[in-house]
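# Structure assessment
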Amino acid sequence: MGRVGVLLLNLGGPDKLEDVGPFLYNLFSDPEIIRLPFRWLQKPLAWFIATRRTRTSQENYKQIGGGSPLRRITEAQGEALKEQLGYLGQEANIYVGMRYWHPYTEEAIAQLTQDNVEQLVILPLYPQFSISTSGSSFRLLEKLWQEDPKLQRIDYTVIPSWYKQPGYLQAMAELIVQELDQFPNPDEVHVFFSAHGVPKSYVEEAGDPYQQEIEECTALIMQTLNRPNTHTLAYQSRVGPVEWIQPYTEDALKELGTQGVKDLVVVPISFVSEHIETLQEIDIEYREVAEEAGIHNFRRVPAPNTHPVFINALAELVIDALKNPSFKLSQAAQMKKRVKMYPQERWEWGLTTSAEVWNGRIAMLGFIALIIELITGHGVLHMIGILQ
């Protein structure tokens, strides 16, 4: 076995307040975020949206310390993974590739190429596969591989999703127990799983397996937990006028309040690192929703981060991937879909499947309105308040 590398994939986020504007610009410059009929319009539109939304997004980041901790945590996960792999007898270099901020996926690829990595494991830090998270990164990597002969010499394999991994399930169960045991009657606490949502059309029209994998993962965690607690699964971060997979987190919290639930432990099931959707959306926004609904004993399970059992789970995934037959990007990026979403056809413009993953949460309605205004000149933006 030659020199081994592990590429950890994640979304990325602004490290400090000054990065928010450039981060948003990078996000909206991506044609997978907004499809436009004219390529020349992409960057001016990205600049326009980023400029208008930077201050509002910065206010959200101020609430969690002035920037996203995602890079710091992901790099710490990489260091812990390298150490654990060494302990298990597998030496490997770890590379972090972010989709929309430093260190970019392209930067990680350049570094591992320079390091002459001969065997590579591509590991997304998304336990469940979705076309808008892992799928987006896989499509980018597939493009890079097609364009660079040096990459084509690397023997690589992809881990598309890993929500069934026993160590991951055990780590989640231990983290939940840690919070349950803070209550006087742990077995009576309601366990509330909150996953990042996706539009319903992704599942029903594009065949995204995300919802099925989330539901299976929830059941497996509860099975591993082996407690009598009742539980709920809901989906957060819904934006725009389209229907998303349900139930929605805010609605489910209100319903539990009407049922008389007082003690609640929230589990961020689709996140393995703390970032704005755990620290700001769950800890601040959804806590307020719960308290208004009468749920006053609200605790949140921390993301796995560098939990030893979780890091060992990642190490086992890597070792198993190296032993098993290679799984290629062309296989990982494809799904049983009923409509062609990628690659986009020239006439297919508008919002794409990555539009909802960014953590500043601009409504899709605003995207559509912005495009309409730019093309038609109609003043609909101020009607919906996106620029106010």
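In this text, all values refer to a predicted model and were calculated from it rather than measured experimentally.

### Observations regarding the sheet that holds strand 8 (residues 263-268)
Pairing is parallel in the open sheet, where four strands are placed in the order 7-6-8-9. With one partner strand each, in any of the chains shown, strand 7 (231-236) and strand 9 (297-300) form the two edges of the open sheet. Strand after strand, the sheet turns through a mean of 25° between neighbouring axes, direction not considered. The strands touched by helix 6 (residues 166-180) within the sheet are strand 6 (190-196), strand 8 and strand 9, with strand 8 carrying the most contacts at an inclination of about 155°. Relative to strand 9, helix 10 (residues 276-292) is tilted by about 165°, and along the sheet it contacts strand 6, strand 7, strand 8 and strand 9.

### Description of the pattern of salt bridges
A full pass over the atoms with the stated rule returns 13 salt bridges. A salt bridge links Arg 227 to Asp 187, with the nearest nitrogen and oxygen atoms 3.5 Å apart. Of this pair, Arg 227 sits in the loop between helix 8 (210-225) and strand 7 while Asp 187 sits in the loop between helix 6 and strand 6, and the two are 40 residues apart along the sequence. We classify Arg 227 as partly exposed; its relative accessible area is 26%.

### A word on helix 4 (residues 105-114)
What helix 4 keeps buried is the set Thr 105, Ala 108, Ile 109, Leu 112 and Thr 113. Down the axis of helix 4, the buried side of the element spans an arc of 135°, and every buried residue falls inside it. On the buried face of helix 4, the contacting elements are strand 1 (4-10), strand 3 (93-98), strand 4 (119-124) and helix 5 (134-147). A positive backbone phi angle near 60° is found at Asn 116, which sits one or two residues after helix 4.

### Considerations on empty space enclosed by the protein
Evaluated as defined, the whole model comprises three cavities of 30 Å³ or more. Here the largest cavity is characterised by a volume of approximately 300 Å³. If you go around the largest cavity, you meet 22 residues; those closest to its centre are Tyr 126, Thr 133, Ser 270, Phe 271 and Glu 277.

### Structural notes on the UniProt feature "binding site: Fe(2+)" (unreviewed entry) in the chain
Mapped onto the present numbering, the UniProt feature "binding site: Fe(2+)" (unreviewed entry) falls on His 196 and Glu 277. With the annotated positions falling across 82 residues, the maximum pairwise C-alpha distance of 8.5 Å places them together in a single cluster. From this annotated list, the subset lining the largest cavity comprises His 196 and Glu 277. Residue placement: His 196 occurs in strand 6. Structurally, Glu 277 can be placed in helix 10.

### Let's talk about the nonpolar core
In terms of nonpolar packing, the biggest core is built from 76 residues, with Val 6, Ile 122, Trp 145 and Tyr 168 touching the most fellow members. Membership of the second largest hydrophobic core comes to 17 residues, among which are Leu 11, Val 20, Tyr 104 and Ile 276.

### Here's the deal with the sheet that holds strand 4
With parallel pairing, the four strands of this open sheet are ordered in space as 3-1-4-5. Since the sheet does not close on itself, it has two edges, and those belong to strand 3 and strand 5 (155-158), each with one partner. The mean inter-strand angle of the sheet, taken between neighbouring strand axes irrespective of direction, is 20°. Sheet strands touched by helix 11 (residues 308-323): strand 1, strand 4 and strand 5. Its angle to strand 4, the strand with the most contacts, is close to 135°.

### Brief notes about the packing of helix 1 (residues 20-29) against helix 2 (residues 42-62)
Contact geometry for helix 1 and helix 2: axes closest at 7 Å, N-to-C directions at 140°. One finds that helix 1 runs oblique with respect to helix 2. The way helix 1 lies across helix 2 gives a crossing that is right-handed. Between helix 1 and helix 2, the contacting residues are Val 20, Gly 21, Phe 23, Leu 24, Tyr 25, Phe 28 and Ser 29 on the first element and Gln 42, Lys 43, Ala 46, Trp 47, Ile 49, Ala 50, Arg 53, Thr 54, Ser 57, Gln 58 and Tyr 61 on the second. Residue composition of the contact of helix 1 with helix 2, by class: 10 nonpolar, six polar and two charged.

### Section: the side chain of Gln 165
Among the structural elements, Gln 165 can be located in the loop between strand 5 and helix 6. Only 3.0 Å separates the side chain of Gln 165 from the backbone nitrogen of Tyr 168, close enough to count as a polar contact.

### Observations regarding unusual backbone geometry
Looking along the chain, the bond that leaves His 102 and enters Pro 103 is cis, with omega of -10°. Examined against the element boundaries, Pro 103 turns out to sit in the loop between strand 3 and helix 4. Cis geometry is adopted by the peptide bond preceding Pro 247, which originates at Gln 246 and carries an omega value of 5°. Along the polypeptide, Pro 247 turns up in the loop between strand 7 and helix 9 (249-258). One non-glycine residue with positive phi stands out, namely Asn 116, at about 60°. If you trace the backbone, Asn 116 turns up in the loop between helix 4 and strand 4. Backbone geometry at Asn 305 places phi at a positive 50°, although glycine is not the residue there. Of note, Asn 305 is situated in the loop between strand 9 and helix 11.

About the thresholds
Residues numbered from 1 in each chain as written. Predicted model: local features only at pLDDT ≥ 70, side-chain atom pairs only at ≥ 80, totals over all residues. Heavy atoms only, no water. Pairing = 2+ DSSP bridges. Helix = DSSP H or I, 4+ residues; strand = E, 2+ residues; numbered from the N terminus. Axes fitted to C-alpha atoms, helices over the stretch in contact; angles between N-to-C directions. Contact = heavy atoms within 4.5 Å. Salt bridge = Lys/Arg side-chain N within 4 Å of Asp/Glu carboxyl O. Buried < 20%, exposed > 50% of the residue type's maximum accessible area, 1.4 Å probe, protein only. Arc of directions from axis to C-beta. 1 Å grid on protein atoms, 1.4 Å probe; cavity = no way out; pocket = protein on both sides within 12 Å on 5 of 7 lines; lining within 4 Å. Points joined across faces, edges and corners; volume = space filled by probe spheres on them. UniProt positions renumbered as here; feature names shortened; annotations may be inferred. Core = buried A, V, L, I, M, F, W, Y, C linked by side-chain atoms within 4.5 Å. Parallel < 35°, antiparallel > 145°, perpendicular 65-115°, else oblique. Left-handed = near helix turned anticlockwise from the far one by under 90°. Nonpolar A, V, L, I, M, F, W, Y, C, P; charged D, E, K, R; others polar. Polar contact = N/O pair within 3.5 Å; in protein donor to acceptor, adjacent residues only side chain to side chain.

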